[in-house]
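# Fold and contact review
The chain contents come next:
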Amino acid sequence: MKITEIHISGRVQGVGFRPFIFNLAEEFGLKGYVSNDELGVIIVCQGENSEQFFNEIHHRKPKSSEIIFSEIKETETTEIFDRFFIKPTEKNIVVDIPLTPDFATCESCETELFDEHNPRYFYPFTTCTQCGPRYSVTKKFPFERENTAIEVFKMCPNCLAEYQNPEDVRFHSQTNSCPNCGIQIWLIDNLGIEFKGSNKEIFEKLAKELSKGKIVALKNTAGYLLICDATNSEAVSELRKRKRRPTKPFAVLFSGISTMNEYLEISELQIQHFKSSESPIIVTKIKEVKDLAIEEISPNMNSVGAMFPYSGTLKLISKTFGKPLIATSGNFHGSPICSTTEEAEQILGKIADYFLHNTLEIQHPQDDSVIKFSPKHQQKIVFRRSRGFAPNYFFAEELSELNKEKNKILCLGGDLKNTFAVVPNNHVYISEFIGDLANFETYERFENTVKSYQKIFNFEPNLILSDLHPKYENQKIIKNLWKTAESVGNKKIQHHQAHFASILGEKKLWKKDKVLGVIWDGIGFGTSTEIWGGEFFLFENKKMERVAQLENFTWILGDKMSKTPKISALSVSGNNEDLKFAFDENEWKIYTNLIEKSEIKTSSIGRFFDAVAFVLGYEKPLFFEGEPAMWLEKISQDAFEKGTELIDYLAEDTVENIPTKKLFLKLLEEKKSGKSAGEIGLNFHYTLIKAIEKIAEGFAVKEIAFSGGVWQNALLVDLAIEFLEDKFELHFHEKLSPNDENISFGQLNYYLNKI
Ligand SMILES: [Zn+2]
Ligand SMILES: [Zn+2]
């Protein structure tokens, strides 16, 4: 007897694919079964119109699914089916498909949350086949309840009935639960005294305490958030003090699009992204400050990181409270996000007045993802790629071409803004944002996350890719996890070359003849006496060559220089006397002397931005890397929007490298002549773009690719598009962040393309 076999690979587990196939097969009157397997989903069916059925799968597939590969073939069988059914997955298979990320709560589940006649009224973990946590609850794959943290909650008869009913939205929903059988929440104060009440009463109590200015540690689907009233400046200041985060902007949770509209300038594009299954935080321009404690939320900025309530917990608290809330990762500045009751009480005990805990055991804690659209050209810029995106990355086609040896690869990434990437099978998985590995807890999180990937994929690397930096923390993992480190190959790749490889990989530019890479960031190891950061590479004939740079200036005092913009300014200026006002006698003597004598040089554009910000009036101490650059971007953006005339400060020059000292002294002169900081700042940005143009013309390239943290500067991106797009094809990161989060993927691409 003839039978049809269909194989589908891609993001097809944890997205409601099997229930969808079941219903479609019924509709087509087919008999047979659907099951998860190593490569995704297998369908075996008998019936007349299986070809049509196959086509229809592609047309009507579930919203969050993604088909990478599919095939249909006919075989013979003696088996006869009398119905269509979902066949349980075979035990102990190791899957080879993309790992499904977390999904925001869908509209239908949201309706149930607020319907007082619904059994899931005020139940924060209301989910269906189309929404809810996936990666954050995954212990193993395939995505079956027994392989997730939901396993411990046995479905009650009602939930089970939904699970078994093909007509229900929760048919075969692996995360299905309700208040009777599912995840429980409880509220305690920081003395450990529990508030007793229904879910609704708990949220009402929380809202009451928030309106008194209290700070709450609230467990969300992928980790704890710290929340407080965003209209209460004392509460927000208190949170800053307790969290030891003096100036870095906080995100604000709004109850929905209509509230956002009252405060923010949001576009259709932004609304789409807020309502998407990834639902990232979006840095958005403020329309009207209204009652927001803006000086405490986002000091000196005219934008705010806006959060849409993407989970049941966030929907319930924001609706019940009725005003915008600060929502920031539950950690101390620089440490990983807390995800267990113990961690939260121990670490956040010094910050929070109340804890809203729950009984879900988070497997993969993740921060919220953050994106921005450049104001003028709406270019998407990823600031942090985490919940909703990680660790999913579609790269199977490229791997099948480039990784013929089927190497099992671990890419360690960088030490700052770390992510790692693994190739355990035919896919690449890029981890969520992990953070700065100099922090001990963050390093532990890094190592534990690598271990969990080993478990999920039954994975041992035969090749490890890492940064050229001789002292990177992340190298420790090699000895810690593989005692016989020699058995694992270790290849080292230069930081900025990895950045360039990352954008070449993301935009599939490997087969191009010639691409100029403008790789600009803070710092990366170049040579033993050179710290790189403002580099131009030419990719030609499969070779990558450094062809231009920011002219070197002296690097002194390591970390202190990164934290003290005036030192960068002094160094770039070549000990210019005009800067004497900023130093006392002793400092002047020490710093100028060091600058004269130090043999370490840098081309860091990050430090160059610090220097420029300083000379234009940025005088505050600095609390996070890039803070002066953010200030400079803001004042320059304001000047751009006012229509300030654009001047290229290097108009007369032929530019082969960017002349840091010359440009800096020009800015100093402009400042002395009384021009406004915004005007000079804008023209500094503009001059850099014109310099890129001249360098690109010098090498006769048609395409330019951009990577490195400086490309989070939305003004620079807009100016590049505005003034270079006519002459060149431009490539910016859109899926990955331009910052060091993309190093791991870059290392992989550099290696695979055998540069
Ligand atoms: Zn749903
Ligand atoms: Zn139930």
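This section reports on the structure supplied with the text. For clarity, every value in this text was computed on a predicted model and none was experimentally measured.

### So, the packing of aromatic side chains
Counting across every chain of the model gives 37 aromatic pairs. Seen from their ring centres, Trp-532 and Phe-537 are 6.3 Å apart, and the 50° between their planes marks the pair as tilted. Site record: aromatic cluster; members linked through ring pairs are Phe-420, Tyr-429, Tyr-443, Phe-446, Tyr-453 and Phe-457. The ring of Phe-114 has Lys-319 sitting right over it, with the charged end atom 4.4 Å from the ring centre. The residue whose ring lies beneath Arg-387 is Tyr-310, and the NZ or CZ to ring-centre distance is 3.4 Å.

### Focus on the pairing of strand β11 (residues 281–285)
Counted residue by residue, β11 has 4 buried out of 5 residues, so it is predominantly covered. Sheet analysis places β11 next to strand β15 (residues 370–373), joined by 3 bridges and oriented parallel. The partner of Val-283 across the bridge, within β15, is Lys-372. Both β11 and strand β12 (residues 303–307) contribute to a ladder of 4 bridges, which runs antiparallel. Across the sheet, the residue bridging to Thr-284 is Val-304, located in β12.

### Observations regarding the coordination of the zinc ion (ligand 2)
Taken together, Cys-156 (SG), Cys-159 (SG), Cys-178 (SG) and Cys-181 (SG) make up the full set of protein donors to the zinc ion (ligand 2), lying 2.2 to 2.4 Å away. Given 4 donor atoms and angles of 105 to 115° at the metal, the environment of the zinc ion (ligand 2) is assigned as tetrahedral. Between consecutive donor residues of the zinc ion (ligand 2), the sequence gaps follow C-x2-C-x18-C-x2-C. Each member of the pair, Cys-156 together with Cys-159, is buried.

### Digging into the sheet that holds strand β20 (residues 463–467)
With mixed pairing, the 5 strands of this open sheet are ordered in space as β19-β18-β17-β20-β21. This sheet does not close on itself; its edge strands, each paired only once, are β19 (429–430) and β21 (489–493). Pairing analysis gives 5 bridges linking β20 to β21, with the strands arranged parallel. Considered in β21, the bridge of Ser-466 is made with Lys-492.

### Side note on the sheet that holds strand β1 (residues 2–11)
Here we have 5 strands laid out as an open sheet, ordered β4-β1-β3-β2-β5, and mixed in their pairing. Edge positions in the sheet fall to β4 (66–76) and β5 (84–86), since each has one partner strand and no second. Taking the axes of each pair of neighbouring strands and ignoring which way they run, one obtains an average angle of 15° across the sheet. Sheet topology places strand β2 (residues 31–37) next to β5; 3 bridges connect them, and they run parallel. Its bridge partner being in β5, Val-34 is matched across the sheet by Ile-86. The sheet contacts of helix α1 (residues 17–27) involve β1, β2, β3 (40–46), β4 and β5, and relative to β5 the element is tilted by about 175°. Most of the contacts of helix α2 (residues 50–60) go to β4, to which it runs at about 170°, and overall it touches β1, β3 and β4.

### Looking at a nonpolar patch on the surface
There is a patch of nonpolar side chains on the surface, built from Leu-557, Ile-590 and Leu-594 and spanning about 220 Å² of accessible area. Position of Leu-594 relative to the elements: it lies in helix α18 (residues 585–597). Classification of Leu-594 as partly exposed rests on a relative accessible area of 31%.

### As for the packing of helix α19 (residues 605–615) against helix α20 (residues 627–641)
Where α19 contacts α20, the axes come no closer than 8 Å and their chain directions differ by 60°. The angle between the axes of α19 and α20 places the two elements in the oblique class. Of the two elements, α19 crosses α20, and the hand of that crossing is left-handed. Contact with α19, carried on its side by Phe-609, Asp-610, Val-612 and Ala-613, involves Pro-628, Ala-629, Trp-631 and Leu-632 of α20 and no other residues of that element. Of the residues belonging to the contact of α19 with α20, the class tally is 7 nonpolar, no polar and 1 charged.

### What about the nonpolar core?
Trp-520, Ile-692, Phe-706 and Trp-711 are the most contacted members of the largest nonpolar core, which totals 74 residues. Counting residues per element, this core draws most heavily on helix α22 (residues 677–698), which supplies 10 residues. Core analysis: the second largest hydrophobic core is formed by 64 residues, Ile-150, Tyr-310, Tyr-429 and Val-488 among them.

### Points about the packing of helix α5 (residues 199–211) against helix α10 (residues 312–321)
Contact pair α5 / α10: the axes reach a minimum separation of 9 Å and the direction vectors enclose 60°. Taken together, α5 and α10 sit at an angle that is classed as oblique. The handedness of the crossing between α5 and α10 comes out as right-handed. Every residue of α10 that contacts α5 at Phe-203, Glu-204, Leu-206, Ala-207, Leu-210 and Ser-211 is listed here: Thr-313, Leu-316, Ile-317, Thr-320 and Phe-321. For the contact of α5 with α10, the class distribution of residues is 7 nonpolar, 3 polar and 1 charged.

Calculation rules
Residues numbered from 1 in each chain as written. Chains lettered and ligands numbered in written order. Predicted model: local features only at pLDDT ≥ 70, side-chain atom pairs only at ≥ 80, totals over all residues. Heavy atoms only, no water. Phe/Tyr/Trp six-rings, centres within 6.5 Å; stacked < 30°, edge-to-face > 60°. Lys NZ or Arg CZ within 6 Å of the ring centre and 35° of its normal. Buried < 20%, exposed > 50% of the residue type's maximum accessible area, 1.4 Å probe, protein only. Helix = DSSP H or I, 4+ residues; strand = E, 2+ residues; numbered from the N terminus. Pairing = 2+ DSSP bridges. Donors = N, O, S within 2.8 Å, 3.2 Å for Na, K, Ca; no water. Tetrahedral: all angles 85-135°; square planar, octahedral: opposite > 155°, others 65-115°. Axes fitted to C-alpha atoms, helices over the stretch in contact; angles between N-to-C directions. Contact = heavy atoms within 4.5 Å. Patch = residues over 30% accessible without salt bridge, like charges linked within 9 Å, V, L, I, M, F, W, Y side chains within 5 Å. Areas by Shrake-Rupley, 256 points an atom, 1.4 Å probe, with all protein chains shown as cover. Salt bridge = Lys/Arg side-chain N within 4 Å of Asp/Glu carboxyl O. Parallel < 35°, antiparallel > 145°, perpendicular 65-115°, else oblique. Left-handed = near helix turned anticlockwise from the far one by under 90°. Nonpolar A, V, L, I, M, F, W, Y, C, P; charged D, E, K, R; others polar. Core = buried A, V, L, I, M, F, W, Y, C linked by side-chain atoms within 4.5 Å.

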